Amino acid sequence: AQTVTQSQPEMSVQEAETVTLSCTYDTSESDYYLFWYKQPPSRQMILVIRQEAYKQQNATENRFSVNFQKAAKSFSLKISDSQLGDAAMYFCAYRGGANNLFFGTGTRLTVIP
Amino acid sequence: DAGVTQSPTHLIKTRGQQVTLRCSPKSGHDTVSWYQQALGQGPQFIFQYYEEEERQRGNFPDRFSGHQFPNYSSELNVNALLLGDSALYLCASSYRDRPTYEQYFGPGTRLTVT
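Residues numbered from 1 in each chain as written. Chains lettered and ligands numbered in written order. Predicted model: local features only at pLDDT ≥ 70, side-chain atom pairs only at ≥ 80, totals over all residues. Heavy atoms only, no water.

A. Representation of the sheet that holds strand β8 (residues 74-78) of chain B within the structure. All names here are of chain B. Reading across from one edge, β1-β3-β8-β7 is the order of the four strands in this open sheet, with antiparallel pairing throughout. The strands lining the two open edges of the sheet, one partner per strand, are β1 (5-7) and β7 (64-68). Shown here is a sheet whose adjacent strand axes are inclined to one another by a mean of 20°, direction ignored. (Pairing = 2+ DSSP bridges. Helix = DSSP H or I, 4+ residues; strand = E, 2+ residues; numbered from the N terminus. Axes fitted to C-alpha atoms, helices over the stretch in contact; angles between N-to-C directions.)

B. Just the interface of chain A and chain B, in detail. Listed by partner, the interface residues are 20 residues for chain A and 25 residues for chain B. Across the chain A-chain B interface, the total number found is one salt bridge. Along the contact surface separating chain A from chain B lie eight residue pairs in polar contact (both at pLDDT 80 or more). (Contact = heavy atoms within 4.5 Å. Salt bridge = Lys/Arg side-chain N within 4 Å of Asp/Glu carboxyl O. Polar contact = N/O pair within 3.5 Å; in protein donor to acceptor, adjacent residues only side chain to side chain.)

C. The arrangement of the pattern of salt bridges in detail. Going through the model one piece at a time under the given rule, you end up with nine salt bridges over all chains. We note a salt bridge from Glu54 of chain B to Arg57 of chain B, for which the minimum N-O separation is 3.1 Å. Using a relative accessible area of 34% as the deciding quantity, one classes Glu54 of chain B as partly exposed. Note that Arg63 of chain B is salt-bridged to Asp85 of chain B, the shortest N-O span being 2.9 Å. Placement of the pair is Arg63 of chain B in the loop between β6 (53-57) and β7 and Asp85 of chain B in the loop between β8 and β9 (87-94), with a sequence separation of 22 residues. With a relative accessible area of 4%, Asp85 of chain B lands in the buried category. Bridged by salt links that share partners, the residues Arg50, Glu52 and Lys55 of chain A together with Glu102 of chain B form one connected network. (Buried < 20%, exposed > 50% of the residue type's maximum accessible area, 1.4 Å probe, protein only.)

D. Spatial organisation of the side chain of Ser93 of chain B. Residue and element names in this part refer to chain B. Mapped onto the elements of the fold, Ser93 is located in strand β9. Ser93 sits in the buried class, given a relative accessible area of 0%. Of the polar contacts made by the side chain of Ser93, one reaches the backbone nitrogen of Lys26; its length is 3.2 Å. A distance of 2.7 Å separates a polar atom in the side chain of Ser93 from a polar atom in the side chain of His29. Contact partners of Ser93, with chain neighbours within four places excluded, come to Val4, Pro25, Lys26, His29, Thr31, Val32, Glu102, Gln103 and Tyr104.

Here is the structure:
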C-alpha cells in the first residue's frame, strides 16, 4: 500500500525568506504523480505543484519548486520569497495507477511578518 | 468558469441518522471523488464515480454510499451516523481522459455528529 509521510507538523518562516517542507512516500509502482496541495483556513484544497515520476526535471511554479529524489522516494517543496498569503496547511499527495490520492498528515506553515 | 461546488457548507446530525452531501463538478469534468478529512489529518479517499458507477473504493464501510447523475454531479450518503463520522467531507472532480487526472477540490462540507 502507498503511504505518504510528512514529518514536520509545523514550520515557520520569516516573510521574504525561503522554507522547505519535507515529504517521503513509499510505493512499489514505477509510474505515478506527486502533488503538493495548500489548504488555507477557508478549507479549499488548492493545487500548488505537481511532479510526474518519469520526469527527471524538478517542477517549478513561480515561487514554488520541488526537489524530487525518486530513488530516495523524497519530494520536498521549496517556497521562495515567502508571503503572508502562503500561510496554510500543506499536504503532500501521491497518485498512482489507482487514480485516487493518498495524502500525508500535513504541515502547518506560519509566515512571520 | 465555475469550480467545484458543495452543499451544504455545514451540517449537524445526531447519531444513527442519515445524511446526504452534494457535489457539482468543475465544468467539463466527468469524474467525482469523495474524501473524508478528520480534524488534524489529511484527506482519506472514500470512493470515485465515473459514468454513474462507483469505480474505486477506499477502506470505508458500506454505510458510505454514493451516486452520480447524468450531469456528473454526485451525492455522498452516510447511514447510521457515528460520532467518528464527524469530519470535513471533500469532493474533487477531474477529467478522466487527462493523463494527469488532476483533481480540483470543492470547499467541503463540515459534518458534526452529536
